[in-house]
Amino acid sequence: MARKMLVDGELSQTNQEEAHFDFDLFVIGAGSGGVRAARFSANYGAKVGICELPFHPISSEVIGGVGGTCVIRGCVPKKILVYGAVFGGEIEDARSYGWELNEKVDFNWKKLLHKKTDEIIRLNGIYKRLLSNAGVKLFEGEGKIVGPNEVEVTQLDGTKLSYSAKHILIATGSRAHRIPIPGQELAITSDEALSLEELPKRAVVLGAGYIAVEFASIWRGMGATVDLFFRKELPLRGFDDEMRAVVARNLEGRGINLHPQTNLRELIKTDNGIKVITDHGDEFIADVVLFATGRLPNSKRLNLEAVGVELDKTGAVKVDEYSRTNIPSIWAVGDVTNRINLTPVALMEGTFFAKTVFGGESKKPDYSNVPYAVFSIPPLSVVGLSEEQAIEQANGNILVFTSTFNPMKNTISGRQEKTVMKLVVDAETDKVLGASMCGPDAPEIMQGIAVALKCGATKAQFDSTVGIHPSSAEEFVTMRSVSRRVGKPKTNL
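Here the structure is a predicted model, which is why all the values come from computation and not from measurement.

Let's talk about the overall build of the protein
Reasoning step 1: Tallying secondary structure elements over the protein gives 13 helices and 23 strands in all.
Reasoning step 2: Against the compact-globule benchmark of 23 Å for 493 residues, the protein has a radius of gyration of 25 Å, which places it among compact chains.
Reasoning step 3: Overall, the C-alpha framework of the protein stretches about 70 × 65 × 55 Å when taken along its three principal axes.
Reasoning step 4: In the protein, buried positions account for 49% of the 493 residues.
Reasoning step 5: Partitioning the contacts of the protein with sequence separation of at least 6, the portion at a separation of at least 24 is 62%.

And the structure:
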């Protein structure tokens, strides 16, 4: 079957000269983006090979697994632990709803850990079957690029295999970063945190992003004492400032000790645990210290510099708007490119790569109105612009609508935890520029709001939508009063 392929930016018919390549496409990395690109390319008729490191829940430079970070040691197992932790508060609240429970309710960490591991093993198998069913050839081993059209796979026994490919796709993701302080080897990353043999009673978390906030919530929900340290005044830098403050308030309300504008200086092993010394000179003792201090692109062992592929200063692969590197036959998607490091974004990039290269349809990923979720307890979810971003980008004034309320469930349980919702609207066009929510089910609600923003919905269209009652979600279509009107500060320049 003849296929159309993108060659030097032009769609052209394949010809007989290409028959000498072993594969039309070879993918290095079988995470979300790599698997999606491989499957969809194969569905367009391409001959596809893919390689991935052997499976293990905790990754290293020589261990990985089909499914990648999200499935094996990221989003999926994390969400399973979040579900487990949420029950801690639910059990407390259940007493007000008539459930007669013993004062002490035991939690079996090892049972949950076993269930979590079973699930990621199951998903690892599903991803392998997806590749097989699409006709993709899977190689287990470490891949590297040795030429513009050549890859080398080192198998588990050390045997090296070389294959030629018309196109090569890098989809190796990212890896947790450790900060260089004395005693850093005593700390763990999110990889190990998802597979701890024992549940910590005292946990120290360093960081202010998704992973830090989520693991602080998980361990606290399971009964641990948690101290969260971060450099700024509020966690979750880059999110809407008002919502960041809401998250911080909720973390404290759930019993997490926050230490803003504080870093760690040293970790020391003692008979009683890990002694943690801060840059203020304060000392804490912990069973576990988690470094949630960011992730770095996984590009170091791919031999990219030798081939001439350009990287940025963090090691991310530089690509154009079609995910193509400076070497025309080499492409990259997902976290290794350090664009928007989210699984659904990697899936989008993998899909559009396949359409562009093998589907005869030139498609650029669209990064506008990508929804985000932080699975803290309760979760935060957003789509579109924050208030600060809207003020910076808009030409005129911005209207901000907010709603803060006690969810119906809390009126019975007595839990003092407000849900906060927010819409940011262009005053001139009435277009909704951004939406935020912190409260139960925020991500489930925000996915629907994301569709509306993608369609260019106006505030009037939100207002004309009939709500679902009683629900928290209906607040998004009943916010009538402007909380504030804001714009860029005027200058005399």
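Continuing now.
Quick notes on the sheet that holds strand β12 (residues 264–270)
Reasoning step 1: Read across the sheet, three strands follow the order β12-β13-β14 without closing on themselves; strand pairing throughout is antiparallel. The open sheet has two edge strands with one neighbour each: β12 and β14 (283–286). Ignoring strand direction, the axes of neighbouring strands in this sheet form an average angle of 25°.
Reasoning step 2: Note that β12 and strand β13 (residues 273–278) share six bridges and pair antiparallel.

Notes on the pattern of salt bridges
Reasoning step 1: Following the criterion strictly, the structure yields 26 salt bridges and no others.
Reasoning step 2: When the shortest N-O distance is used, the salt bridge between E142 and R301 registers 2.6 Å. Note that E142 is positioned in strand β5 (residues 137–147) and R301 in the loop between β16 (295–297) and α8 (304–307), a separation of 159 residues in sequence.
Reasoning step 3: Among the residues examined, R301 registers a relative accessible area of 37% and is labelled partly exposed.
Reasoning step 4: Among the salt bridges present, the one from E152 reaches K160, with a minimum N-O distance of 3.9 Å.
Reasoning step 5: Salt bridges sharing common partners tie together D240, E242, E387, K422 and R484.

Quick look at the packing of helix α1 (residues 32–43) against helix α9 (residues 343–357)
Reasoning step 1: It is the contact of α1 with α9, at a shortest axis distance of 8 Å, that shows an interaxial angle of 25°. Compared by their axis directions, α1 and α9 come out roughly parallel. As α1 runs across α9, the sense of the crossing is right-handed. Every residue of α9 that contacts α1 at S32, G33, R36, A37, F40 and S41 is listed here: T343, A346, L347, G350, T351, F353 and A354.
Reasoning step 2: Its residues assigned to classes, the contact of α1 with α9 comprises six nonpolar, six polar and one charged.

Topic: the nonpolar core
Reasoning step 1: Residues I218, W219, V226, L228, L290 and L380 are the most contacted members of the largest nonpolar core, which totals 43 residues.
Reasoning step 2: Once residues lying within four places of it in the same chain are set aside, the contact partners of L290 are I188, T189, S190, A193, V204, V205, L206, F215 and W219.
Reasoning step 3: The next biggest cluster of nonpolar side chains, apart from the first, holds 26 residues, and it includes A30, V35, V66 and V136.

Considering the environment of H20
Reasoning step 1: With respect to the helices and strands, H20 occurs in the loop between β2 (10–13) and β3 (23–28).
Reasoning step 2: Along the backbone, H20 and A165 are 145 residues apart, and their C-alpha atoms lie at a distance of 9.0 Å.

A closer look at the confidence of the model for the protein
Reasoning step 1: When pLDDT is averaged across the protein, the result is 94; 95% of the residues are at 70 or more.
Reasoning step 2: Taken together, the stretch residues 1–5 has pLDDT below 50 and engages in 27 contacts with residues farther than four places along the chain or on a different chain.

Re the sheet that holds strand β9 (residues 202–206)
Reasoning step 1: Spatially, the four strands line up as an open sheet ordered β11-β10-β9-β15, and their pairing is parallel. This sheet does not close on itself; its edge strands, each paired only once, are β11 (257–259) and β15 (288–291). Neighbour-to-neighbour, the strand axes of the sheet open up by a mean angle of 15°, direction not taken into account.
Reasoning step 2: As paired strands, β9 and strand β10 (residues 225–229) are joined by five bridges and run parallel to one another. Each bridged residue has a counterpart across the sheet, and for V204 the counterpart in β10 is D227.
Reasoning step 3: Sitting on the sheet, helix α6 (residues 210–221) is in contact with β9, β10 and β15, with an inclination near 165° to β10.

Observations regarding the pairing of strand β7 (residues 160–170)
Reasoning step 1: The element β7 is largely enclosed, with a buried count of eight among its 11 residues.
Reasoning step 2: Examined bridge by bridge, β3 and β7 share five bridges and lie parallel to one another. Across the sheet, the residue bridging to V27 is L169, located in β7.
Reasoning step 3: Pairing of strand β6 (residues 150–155) with β7, which is carried by five bridges, proceeds in the antiparallel orientation.

Things to note about the side chain of N124
Reasoning step 1: The residue N124 is located in helix α4 (residues 109–133) in this model.
Reasoning step 2: Judged by relative accessible area, which is 7%, N124 ranks as buried.
Reasoning step 3: Only 2.7 Å separates the side chain of N124 from the backbone oxygen of V66, close enough to count as a polar contact.
Reasoning step 4: Those residues in contact with N124 that sit more than four places away from it in its chain are F55, G65, V66 and I72.

Focus: the packing of helix α3 (residues 75–94) against α4
Reasoning step 1: Between α3 and α4, whose axes approach to 10 Å, the crossing angle comes to 150°. Judged by the angle between their axes, α3 and α4 are roughly antiparallel. The two elements α3 and α4 cross, and the hand of that crossing is right-handed. Packed against α3, whose contacting residues are V76, P77, I80, L81 and G84, the element α4 presents W109, L112, K116, E119, I120 and L123 at the interface.
Reasoning step 2: Classifying every residue of the contact of α3 with α4 by side-chain character gives eight nonpolar, one polar and two charged.

Section: the packing of aromatic side chains
Reasoning step 1: With the rule as written, the count across this model stands at 12 aromatic pairs.
Reasoning step 2: Ring centres of Y210 and F239 lie 5.7 Å apart, and the angle between their planes is 70°; this geometry places the pair in the edge-to-face category. Taken together, the residues Y210 in helix α6 and F239 in the loop between β10 and α7 (241–253) connect sequence positions 29 residues apart.
Reasoning step 3: On the basis of an interplanar angle of 50° and a centroid distance of 5.6 Å, the ring pair of F215 and W219 is categorised as tilted. In this pair, F215 and W219 are both assigned in helix α6, four residues apart and thus about one turn of the helix distant. The pair F215 / W219 is uniform in exposure class, with both members buried.
Reasoning step 4: Put simply, the rings of F23, F26, F139 and Y163 touch in pairs and so form one group of aromatic residues.
Reasoning step 5: The positively charged end of K47 is found above the aromatic ring belonging to F23, 5.5 Å away from the centroid.
Reasoning step 6: Sitting above the plane of the F139 ring, K137 keeps its charged end 5.6 Å from the centroid.

Basis of the calculations
- Residues numbered from 1 in each chain as written.
- Predicted model: local features only at pLDDT ≥ 70, side-chain atom pairs only at ≥ 80, totals over all residues.
- Heavy atoms only, no water.
- Helix = DSSP H or I, 4+ residues; strand = E, 2+ residues; numbered from the N terminus.
- Rg over C-alpha atoms; globule rule 2.2 N^0.38 Å.
- Buried < 20%, exposed > 50% of the residue type's maximum accessible area, 1.4 Å probe, protein only.
- Contact = heavy atoms within 4.5 Å.
- Pairing = 2+ DSSP bridges.
- Axes fitted to C-alpha atoms, helices over the stretch in contact; angles between N-to-C directions.
- Salt bridge = Lys/Arg side-chain N within 4 Å of Asp/Glu carboxyl O.
- Parallel < 35°, antiparallel > 145°, perpendicular 65-115°, else oblique.
- Left-handed = near helix turned anticlockwise from the far one by under 90°.
- Nonpolar A, V, L, I, M, F, W, Y, C, P; charged D, E, K, R; others polar.
- Core = buried A, V, L, I, M, F, W, Y, C linked by side-chain atoms within 4.5 Å.
- pLDDT = per-residue confidence, 0-100.
- Polar contact = N/O pair within 3.5 Å; in protein donor to acceptor, adjacent residues only side chain to side chain.
- Phe/Tyr/Trp six-rings, centres within 6.5 Å; stacked < 30°, edge-to-face > 60°.
- Lys NZ or Arg CZ within 6 Å of the ring centre and 35° of its normal.

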